[in-house]
Amino acid sequence: MYFNGKGFTVYAISHEKNWKWQIVLPYGSYLTSSDRYKTAEQAITAGRNWVACEAAFNALGECLGELCHSQQIDQQEYRNLMDSFVSLTR
(Lines give C-alpha, C1' and ligand atoms only; values in the text may rest on other atoms or scores of the structure.)
Protein backbone atom coordinates (compact mmCIF):
# COMPACT_ATOMS: atom_id res chain seq x y z
CA MET A 1 0.00 0.00 0.00
CA TYR A 2 1.32 3.45 -0.87
CA PHE A 3 0.50 7.08 -1.55
CA ASN A 4 2.28 9.08 -4.23
CA GLY A 5 2.07 12.85 -4.06
CA LYS A 6 4.18 15.97 -4.54
CA GLY A 7 7.27 14.06 -5.66
CA PHE A 8 7.33 11.71 -2.68
CA THR A 9 6.06 8.16 -2.42
CA VAL A 10 4.90 7.03 1.01
CA TYR A 11 4.76 3.28 1.57
CA ALA A 12 3.39 1.29 4.47
CA ILE A 13 5.82 -1.48 5.34
CA SER A 14 5.05 -4.38 7.62
CA HIS A 15 7.24 -4.60 10.71
CA GLU A 16 6.80 -7.12 13.54
CA LYS A 17 2.97 -7.29 13.31
CA ASN A 18 2.79 -3.50 12.98
CA TRP A 19 3.30 -0.95 10.23
CA LYS A 20 5.82 1.80 9.59
CA TRP A 21 5.88 4.47 6.93
CA GLN A 22 8.71 4.71 4.46
CA ILE A 23 9.23 7.70 2.18
CA VAL A 24 11.15 7.24 -1.04
CA LEU A 25 12.96 10.44 -1.94
CA PRO A 26 13.26 11.59 -5.56
CA TYR A 27 16.97 10.71 -5.71
CA GLY A 28 16.39 7.11 -4.56
CA SER A 29 17.17 7.30 -0.86
CA TYR A 30 14.47 6.66 1.71
CA LEU A 31 13.39 7.50 5.26
CA THR A 32 11.63 5.04 7.57
CA SER A 33 9.63 5.93 10.66
CA SER A 34 10.71 4.73 14.06
CA ASP A 35 7.08 4.78 15.23
CA ARG A 36 4.82 1.79 14.70
CA TYR A 37 1.18 1.89 13.63
CA LYS A 38 -1.65 -0.62 13.89
CA THR A 39 -2.76 -0.28 10.27
CA ALA A 40 -1.16 0.48 6.93
CA GLU A 41 -3.53 3.42 6.48
CA GLN A 42 -2.39 4.97 9.77
CA ALA A 43 1.24 4.58 8.72
CA ILE A 44 0.64 6.24 5.35
CA THR A 45 -1.29 9.10 6.94
CA ALA A 46 1.50 9.66 9.47
CA GLY A 47 4.08 9.63 6.65
CA ARG A 48 2.10 12.17 4.64
CA ASN A 49 1.78 14.36 7.73
CA TRP A 50 5.53 14.11 8.33
CA VAL A 51 6.24 15.31 4.77
CA ALA A 52 3.79 18.21 5.15
CA CYS A 53 5.29 19.26 8.48
CA GLU A 54 8.86 19.12 7.19
CA ALA A 55 7.90 21.11 4.09
CA ALA A 56 6.20 23.78 6.21
CA PHE A 57 9.14 23.92 8.61
CA ASN A 58 11.64 24.36 5.77
CA ALA A 59 9.49 27.00 4.03
CA LEU A 60 9.03 28.96 7.25
CA GLY A 61 12.74 28.75 8.01
CA GLU A 62 13.61 30.12 4.58
CA CYS A 63 11.07 32.95 4.79
CA LEU A 64 12.18 33.96 8.27
CA GLY A 65 15.80 33.67 7.18
CA GLU A 66 15.16 36.14 4.36
CA LEU A 67 13.43 38.53 6.78
CA CYS A 68 16.35 38.25 9.17
CA HIS A 69 18.90 38.72 6.39
CA SER A 70 17.10 41.87 5.21
CA GLN A 71 17.06 43.06 8.83
CA GLN A 72 13.27 43.19 9.03
CA ILE A 73 13.48 40.93 12.09
CA ASP A 74 16.47 40.31 14.35
CA GLN A 75 18.03 36.95 15.20
CA GLN A 76 16.21 36.71 18.52
CA GLU A 77 12.85 37.18 16.78
CA TYR A 78 13.87 34.54 14.25
CA ARG A 79 14.73 32.07 17.03
CA ASN A 80 11.51 32.83 18.93
CA LEU A 81 9.34 32.29 15.87
CA MET A 82 11.09 29.05 14.92
CA ASP A 83 10.86 27.79 18.52
CA SER A 84 7.13 28.59 18.55
CA PHE A 85 6.60 26.69 15.32
CA VAL A 86 8.53 23.68 16.61
CA SER A 87 6.47 23.59 19.81
CA LEU A 88 3.23 23.80 17.81
CA THR A 89 4.15 20.90 15.55
CA ARG A 90 5.16 18.43 18.25
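Residues numbered from 1 in each chain as written. Predicted model: local features only at pLDDT ≥ 70, side-chain atom pairs only at ≥ 80, totals over all residues. Heavy atoms only, no water.

A short note on unusual backbone geometry
Okay, so step 1: Positive phi is not limited to glycine here, since Glu16 has a value of about 45°.
Okay, so step 2: A relative accessible area of 54% means that Glu16 is categorised as exposed.
Okay, so step 3: In this model, Gln71 sits at a positive phi of 65°, which is unusual for a non-glycine residue.
Okay, so step 4: Residue placement: Gln71 occurs in the loop between α1 (40-69) and α2 (75-89). (Buried < 20%, exposed > 50% of the residue type's maximum accessible area, 1.4 Å probe, protein only. Helix = DSSP H or I, 4+ residues; strand = E, 2+ residues; numbered from the N terminus.)

Looking at the nonpolar core
Okay, so step 1: Among the nonpolar cores identified, the biggest contains 11 residues, and these are Val10, Ala12, Trp21, Ile23, Leu25, Tyr37, Ala40, Ala43, Ile44, Ala46 and Val51.
Okay, so step 2: Considering each element in turn, this core owes the most residues, five residues, to α1.
Okay, so step 3: What Ala46 contacts, discounting residues up to four positions off in sequence, is Trp21 and Tyr37. (Core = buried A, V, L, I, M, F, W, Y, C linked by side-chain atoms within 4.5 Å. Contact = heavy atoms within 4.5 Å.)

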